[in-house]
Amino acid sequence: MGATLDGDGGRRHGRAALLGALSTAALVGASALTLAAGHEKLFAIAWVAFLGMALAGWLGTRASGGNTGALVWGYGLASGAMVTSAAVFLLPQAMGQHLTYGGFGVALGLLAGFGAHTLGHRLAHMDLPLDRTMAELTAHAVAAGAIIGIVYGNMPELGPVLGLAIVSHKGPAGYAAVTRYARRGGDWRAILLPAAGVGVAAAASSVLALPASAPVRGVVFGFATGVFLHVAMDFLPECEIGSEVHESLSREGDAHAMLDRMRTHAVASTLLGGLVVFLAWLVVA
């Protein structure tokens, strides 16, 4: 059982739980505005992200020693679905707006995703009013939600498969984060803050209308593609020594004996995630 936090740590967790409750209320209000604007797909995507992350976070508190197999499959399915969706649904849109500027947008999104992820680790050295992991997840959720809102706000004809695939990683991310957080005595309700962030940010950004300029739209849609590709690649389950999977296996038993099996699961899950998006597209098409 993880050590219980007290003092400043306990107050941080209390504030995080309060922020989670407030952000849930904000999501309810944002959802009403989203429906009023006729963005039913955004409404569905926002609540799938919220419920998936919240439920996975609650399950994370009940994990005894962790469940590495479930974590690998969760990450693999989500990353495979995201890679496929970004390549099939967003990349053609970016290239269709403007080949060159769309390509520059993809490159910018990939580099920006890497930069944000790398610099985000500096949060570990800052005195924040909430847990560092929750702060990183919240920043990530708000950024993803803002991009989803812009994309669907300007292209409402896009099907829901893209958005649902993009937020599919919220479940395994919430599970992993709360599992670690709970070991330090944290309250799982803190995960409600990043869980609601997707929908709140999407509702706010969906009102932004992009100019008709093909280069501008190419950069924006290319940037969205690059960011989501980076996130998808970042969530690919790594089964190397020192990785999160290896550390989780070390807590469960003989890590070295299980790594090869987890590598097989990682490959199978990512391929299955991509196949699910393909089958969903066939059904919708």
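Residues numbered from 1 in each chain as written. Predicted model: local features only at pLDDT ≥ 70, side-chain atom pairs only at ≥ 80, totals over all residues. Heavy atoms only, no water.

Peer 1: Would you explain the packing of helix α5 (residues 132-154) against helix α8 (residues 192-205) in this entry?
Peer 2: When two helices pack together, their arrangement is given by the angle between the helix axes and by the axis-to-axis distance. Between α5 and α8, the least distance of the axes is 7 Å, while the angle of their chain directions is 30°. With respect to each other, α5 and α8 are oriented roughly parallel. Helix-helix and strand crossings are classified by hand; for α5 and α8 the assignment is right-handed. Contacts between α5 and α8 involve Leu137, Thr138, Ala141, Val142, Gly145, Ala146, Gly149 and Ile150 on the former and, on the latter, Leu193, Pro194, Gly197, Val198, Ala201, Ala202 and Ser205. (Axes fitted to C-alpha atoms, helices over the stretch in contact; angles between N-to-C directions. Helix = DSSP H or I, 4+ residues; strand = E, 2+ residues; numbered from the N terminus. Parallel < 35°, antiparallel > 145°, perpendicular 65-115°, else oblique. Left-handed = near helix turned anticlockwise from the far one by under 90°. Contact = heavy atoms within 4.5 Å.)

Peer 1: Looking at this model, I keep getting lost on helix α7 (residues 170-183). Mind explaining?
Peer 2: In an α-helix, one full turn covers 3.6 residues, which means residues spaced three or four apart are oriented alike. Its 14 residues place the ends of α7 20 Å apart at the C-alpha level, agreeing with the 20 Å of an ideal helix rising 1.5 Å per residue. Where burial is concerned, most of α7 is hidden: 11 out of the 14 residues are buried. Positive phi shows up at Gly185, right after α7, with a value of about 85°. (Expected span 1.5 Å × (residues − 1). Buried < 20%, exposed > 50% of the residue type's maximum accessible area, 1.4 Å probe, protein only.)

Peer 1: When you look at a nonpolar patch on the surface in this model, what are you seeing that I'm missing?
Peer 2: Taken together, the side chains of Leu77, Leu272, Leu275, Val276, Phe278, Leu279, Trp281 and Leu282 define a hydrophobic patch exposed on the protein surface, amounting to about 690 Å² of accessible area. The biggest single contributor to the nonpolar patch is helix α11 (residues 255-284), with seven residues. Relative to the helices and strands, Leu77 resides in helix α3 (residues 68-97). (Patch = residues over 30% accessible without salt bridge, like charges linked within 9 Å, V, L, I, M, F, W, Y side chains within 5 Å. Areas by Shrake-Rupley, 256 points an atom, 1.4 Å probe, with all protein chains shown as cover. Salt bridge = Lys/Arg side-chain N within 4 Å of Asp/Glu carboxyl O.)

Peer 1: Please explain the packing of aromatic side chains as it appears in this structure.
Peer 2: Aromatic ring pairs are defined here through the distance separating the ring centres and the angle between the ring planes. According to the stated counting rule, one finds three aromatic pairs in the structure shown. Taking the centre distance of 5.3 Å and the plane angle of 75° together, the rings of Trp47 and Phe50 count as edge-to-face. With Trp47 and Phe50 both in helix α2 (residues 40-61) and three residues apart, this pair spans about one turn of that helix. (Phe/Tyr/Trp six-rings, centres within 6.5 Å; stacked < 30°, edge-to-face > 60°.)

Peer 1: What is the right way to look at the nonpolar core in this model?
Peer 2: The tendency in soluble globular proteins is for nonpolar side chains to be buried side by side. Val151, Tyr152, Leu162 and Phe228 are the most contacted members of the largest nonpolar core, which has 56 residues in total. Elements with a minimum of two residues in this core: α2, α3, α5, α6 (160-166), α7, α8 and α9 (214-234). Residue contributions to this core peak at nine residues, all from α2. With residues up to four places along the chain from it excluded, the contact list for Leu162 reads Ser85, Phe89, Leu90, Val151 and Tyr152. Counting residues in hydrophobic clusters, the runner-up holds five residues, among them Val72, Cys239, Leu259 and Ala266. (Core = buried A, V, L, I, M, F, W, Y, C linked by side-chain atoms within 4.5 Å.)

Peer 1: Would you take a moment to explain the environment of Ala214 for this structure?
Peer 2: Counting through the fold element by element, Ala214 comes out in helix α9. On the accessibility criterion, Ala214 (28% relative accessible area) is partly exposed. A C-alpha to C-alpha distance of 9.1 Å links Ala214 and Gly102, two positions 112 residues apart in sequence. Not counting chain neighbours up to four residues away, the residues in contact with Ala214 comprise Gln97 and His98.

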